[in-house]
Each structure stands twice: as structure tokens, then as C-alpha cells.
Amino acid sequence: MVGFATNRGKGSGAQLIPTDQFAEVIGLLQSYVSDGLPEEFQGEDNLPCAEVIRRTISVEDGLISFRVRNGKGAKPARIPVDSFAEVVELLSGTVDSVERAAKKLK
């Protein structure tokens, strides 16, 4: 699992993504940086992380919000719109290292 937190405080939490889904998740976030965000729609439980992001990503009050999992206790990542590209770039720089580390642990 790879975890990251984009904000702190009540109602926030770390996003935990299985390492075998990490590259797909970061690729999806990169597509939102370049192509914009889709309309929001409801998600279902037990979907792959990238699909949960597809279904939950939205913009409100200058913040991009998304979850990587559904269900009780799932907290959204909230990133200021003007920082979104920078955060995604930072995360994308870790994909190779995360995948290498995951292979070592298997």
C-alpha cells in the first residue's frame, strides 16, 4: 500500500492505494490535470482506486476533492486547484520507486 495525505484536520485522512494500482491512479490524476474533471457521480463499494477517483472527483470552493476508496470512514483528499498539477507531479515522481519497493516485498 502507498499512503499520502493532502490535507489535515477533522474530516480528512490519508489516501491508501494498493501498489499494483498506484501507477494507474497517478496516470488518471495526470489526465485530469491536462483534460479537466468529469461530472461527479455516485460510486460503489469495492471498486479499484482509479475507478473510485473517476466517480468522486469534483471541484468546489477552489478545491479538487476525490476519494480512493468508498465506504464508511473513507475520507477525501482535498487539494487547492492551483496546487493540483504540482501535487500530481510530485506523486508521479514516486511511481517507479513504489513499484520497485512493492516487488521487493512480494
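Above this text sits the structure in question.
Attention in this report is confined to the structure presented alongside it. Keep in mind that this is a model prediction, so the values were computed, not measured.

Focus: the environment of phenylalanine 66
Thought 1: Along the chain, phenylalanine 66 turns up in strand 4 (residues 63-66).
Thought 2: For the pair phenylalanine 66 and phenylalanine 84, spaced 18 residues apart in the sequence, the C-alpha separation amounts to 12 Å.
Thought 3: Residues within four places of phenylalanine 66 in sequence aside, it is in contact with Gln15, Leu29, Ile53, Thr56, Ile57, Pro76, Ala77, Ile79 and Phe84.

A short note on the nonpolar core
Nonpolar side chains tend to gather and get buried jointly when the protein is soluble and globular.
Thought 1: Judged by nonpolar contacts, the single largest core of 23 residues is most densely connected at Val25, Leu29, Ile53, Ile57, Phe66 and Phe84.
Thought 2: Elements represented by at least two residues in this core include exactly strand 1 (2-4), helix 1 (19-35), helix 2 (49-56), strand 4, strand 5 (77-80), helix 3 (84-92) and helix 4 (95-105).
Thought 3: Take this core: its biggest share by element is six residues, from helix 1.
Thought 4: Not counting the four nearest positions on each side in its chain, leucine 29 is found in contact with Ile53, Ile57, Phe66, Phe84 and Val88.

A short note on the pairing of strand 4
Thought 1: Bridge analysis of strand 3 (residues 58-60) against strand 4 gives three bridges, and the strand direction is antiparallel. The residue of strand 4 that forms the bridge with serine 58 is serine 65.
Thought 2: Hairpin connection of strand 3 to strand 4: two residues between the antiparallel strands, including aspartate 61 at a positive phi of 55 degrees.
Thought 3: Here four bridges tie strand 4 to strand 5, and the two strands are oriented antiparallel to one another. Within the sheet, the bridge partner assigned to leucine 63 lies in strand 5 and is proline 80.

What counts, and where the lines are drawn
- Residues numbered from 1 in each chain as written.
- Predicted model: local features only at pLDDT ≥ 70, side-chain atom pairs only at ≥ 80, totals over all residues.
- Heavy atoms only, no water.
- Helix = DSSP H or I, 4+ residues; strand = E, 2+ residues; numbered from the N terminus.
- Contact = heavy atoms within 4.5 Å.
- Core = buried A, V, L, I, M, F, W, Y, C linked by side-chain atoms within 4.5 Å.
- Buried < 20%, exposed > 50% of the residue type's maximum accessible area, 1.4 Å probe, protein only.
- Pairing = 2+ DSSP bridges.

Geometry only, nothing functional implied.
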